[in-house]
Amino acid sequence: MLEGSTLGTLVELMVQAEILAGSEGRLIPSRFEPDVDHRDLVVADVGGYGALWLQVKGTTHPDKEGRVVAFANYPVDAIPESDRLFYVVCLVDLQQHLLSRLWLVPSAEFNRHAYRERSAHADRVTLQFSCRAAGDEHWDSFEVARLQLAAMLEPLVGAAGPATAEELRLLRPV
């Protein structure tokens, strides 16, 4: 069974494929190397300068309570929020090799809706996406059909426009 960083890599690659194929090449998704500041993918428009950052999370099954769960851990005073930053939370069907469900959540909404868990380290907090698979009023409006992901991202990339020097500076590892 795939877990941890191996599952994370697979989900990122699957999201990249959906964006590239779904946009018919109008959007180019690229992985950040190294993975810095919880931004896994940059999505840019071909021939333009618009760009978004995606934090990709994935799981292969709902938990024992029937919830799709994903975690993001941050310093308490440095939870990222930007009009350019989106979370893509995926439920992966490994038997069919596809993203069976996904949610595209702007970072401000993710930060507002996610449950907060105190970390073992006093200076850190974990944000928890916890969505009832049978339906959840907190997250349902963010669910996107797999084949619609690129169509949802295209206007967002265009509207974002070029990244500022400050936004790019924040991407550098500390």
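Scroll up to find the structure.
Residues numbered from 1 in each chain as written. Predicted model: local features only at pLDDT ≥ 70, side-chain atom pairs only at ≥ 80, totals over all residues. Heavy atoms only, no water.

## Observations regarding the packing of aromatic side chains
Piece 1. Tallied over the full model, the rule gives six aromatic pairs.
Piece 2. Seen in terms of ring centroids, Trp139 and Phe142 are 6.2 Å apart; in terms of plane orientation they differ by 55°. Their pairing is tilted. Assigned by exposure class, Trp139 and Phe142 land together as buried.
Piece 3. A network of ring pairs unites the aromatic residues Tyr87, Trp103, Phe110, Phe129, Trp139 and Phe142 as a single cluster. (Phe/Tyr/Trp six-rings, centres within 6.5 Å; stacked < 30°, edge-to-face > 60°. Buried < 20%, exposed > 50% of the residue type's maximum accessible area, 1.4 Å probe, protein only.)

## Some points on the side chain of Gln16
Piece 1. Structurally, Gln16 can be placed in helix α1 (residues 4-22).
Piece 2. Owing to a relative accessible area of 14%, Gln16 belongs among the buried residues under this scheme.
Piece 3. Contact partners of Gln16, with chain neighbours within four places excluded, come to Pro29, Ser30, Arg31 and Leu41. (Helix = DSSP H or I, 4+ residues; strand = E, 2+ residues; numbered from the N terminus. Contact = heavy atoms within 4.5 Å.)

## Examining the pattern of salt bridges
Piece 1. Within the structure shown, the criterion is met by nine salt bridges.
Piece 2. Look at the salt bridges and you will find they share partners, linking Arg67, Arg132, Asp136 and Glu137 into a network. (Salt bridge = Lys/Arg side-chain N within 4 Å of Asp/Glu carboxyl O.)

## Some remarks on the sheet that holds strand β8 (residues 124-132)
Piece 1. In spatial order, the strands read β4-β8-β7; together these three strands make up an open sheet with antiparallel pairing. Strand pairing shows two members of the sheet lacking a second neighbour, β4 (67-75) and β7 (115-118), which therefore form its edges. Each neighbouring strand pair of the sheet contributes to a mean axis angle of 25°, computed without reference to strand direction.
Piece 2. Pairing of β4 with β8, which is carried by nine bridges, proceeds in the antiparallel orientation. Across the sheet, the residue bridging to Val68 is Cys131, located in β8. (Pairing = 2+ DSSP bridges. Axes fitted to C-alpha atoms, helices over the stretch in contact; angles between N-to-C directions.)

## Some details on the packing of α1 against helix α3 (residues 149-160)
Piece 1. Remark: α1 packs on α3, axes separated minimally by 8 Å, with the N-to-C direction vectors making an angle of 75°. Taken together, α1 and α3 sit at an angle that is classed as roughly perpendicular. The residues of α3 that touch α1, namely those facing Val15, Glu18, Ile19 and Gly22, are Leu149, Ala150 and Leu153.
Piece 2. Looking at side-chain class alone, the contact of α1 with α3 contains five nonpolar, one polar and one charged residues. (Parallel < 35°, antiparallel > 145°, perpendicular 65-115°, else oblique. Nonpolar A, V, L, I, M, F, W, Y, C, P; charged D, E, K, R; others polar.)

## Overview of a nonpolar patch on the surface
Piece 1. A contiguous nonpolar patch, built from Leu20, Ile28 and Val46 and spanning about 240 Å² of accessible area, is present on the exposed surface.
Piece 2. Among the structural elements, Ile28 can be located in strand β1 (residues 27-36). (Patch = residues over 30% accessible without salt bridge, like charges linked within 9 Å, V, L, I, M, F, W, Y side chains within 5 Å. Areas by Shrake-Rupley, 256 points an atom, 1.4 Å probe, with all protein chains shown as cover.)

## Some thoughts on α3
Piece 1. With 12 residues, α3 should reach 16 Å at 1.5 Å per residue; the first-to-last C-alpha distance of 17 Å fits that figure.
Piece 2. Within α3, the full set of buried residues consists of Leu149, Ala150, Leu153 and Val157. Along the axis of α3, the buried positions cluster into a sector of 75°, meaning they face one direction only. In α3, the exposed positions angled more than 90 degrees off the buried face are occupied by Pro155 and Ala159.
Piece 3. Of the residues one or two after α3, Gly161 is the one with positive phi, at around 65°. (Expected span 1.5 Å × (residues − 1). Arc of directions from axis to C-beta.)

This is a description of form; function is not addressed.
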